[in-house]
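# Structural features, examined
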Amino acid sequence: QVQLVESGGGLVQAGGSLRLSCAASGRTFSMYSMGWIRQAPGKEREFVAAISRSGGSTYFADSVKGRFTISRDDDKDTVYLQMNSLKPEDTAVYYCAAKRSMIPPTTTRQYDYWGQGTQVTVSS
């Protein structure tokens, strides 16, 4: 089992930037593909971004392509989500998720472990 703790959320103006971090503990971090999922109030959970176990492949939802970047640092057992050019529609609780696989899921259902979430609010 792996434990995930997100941080870095907060309030930011539209057009601004924010970096989320997800710190992992437990089993070897390098054995997991990692993803970011978000959920706005009254909405279903939405896939945002993911990175493969090796870090060599990344995946993004169409809504965030060109604005968000996902990366991982296995020496620090941490995955990051760099969010630029933020829009009000990016407002949501952002969850870090992990799956013991080479390639990460690009849906919300197949991840095995989840963090508690961190709130991101983008004002207009």
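Description of the structure in this document.

Summarising the element assignment, Val2 is placed in strand E1 (residues 2–7). Judged by its relative accessible area of 5%, Val2 is buried. A sequence separation of 22 residues divides Val2 from Ala24, and the C-alpha atoms of the two residues are 6.5 Å apart. Apart from the residues within four sequence positions on either side, Val2 is in contact with Ala24, Ser25, Arg27, Tyr32, Ala98 and Tyr113.

Another point: the sheet that holds strand E8 (residues 78–83). Here we have four strands laid out as an open sheet, ordered E1-E3-E8-E7, and antiparallel in their pairing. The sheet is open, and its two borders are formed by E1 and strand E7 (68–73), each paired with just one other strand. Across the sheet, the axes of successive neighbouring strands diverge by a mean angle of 15 degrees, strand direction being ignored. Pairing analysis gives six bridges linking E1 to strand E3 (residues 18–26), with the strands arranged antiparallel. Opposite Glu6, over in E3, you have Cys22 as the bridge partner.

A few words on the pairing of strand E9 (residues 92–99). Within E9, seven of the eight residues are buried, which leaves it mostly tucked inside the rest of the structure. With seven bridges connecting them, strand E4 (residues 33–39) and E9 associate as antiparallel partners. Bridge pairing links Trp36 to Cys96 in E9. Note that E9 and strand E11 (residues 118–123) share three bridges and pair antiparallel. Residue pairing across strands places Ala92 opposite Val120, the latter belonging to E11. Across two bridges, E9 lies against strand E10 (residues 113–114) in antiparallel orientation. Bridge pairing in E10 links Ala98 to Tyr113.

What counts as what
- Residues numbered from 1 in each chain as written.
- Predicted model: local features only at pLDDT ≥ 70, side-chain atom pairs only at ≥ 80, totals over all residues.
- Heavy atoms only, no water.
- Helix = DSSP H or I, 4+ residues; strand = E, 2+ residues; numbered from the N terminus.
- Buried < 20%, exposed > 50% of the residue type's maximum accessible area, 1.4 Å probe, protein only.
- Contact = heavy atoms within 4.5 Å.
- Pairing = 2+ DSSP bridges.
- Axes fitted to C-alpha atoms, helices over the stretch in contact; angles between N-to-C directions.

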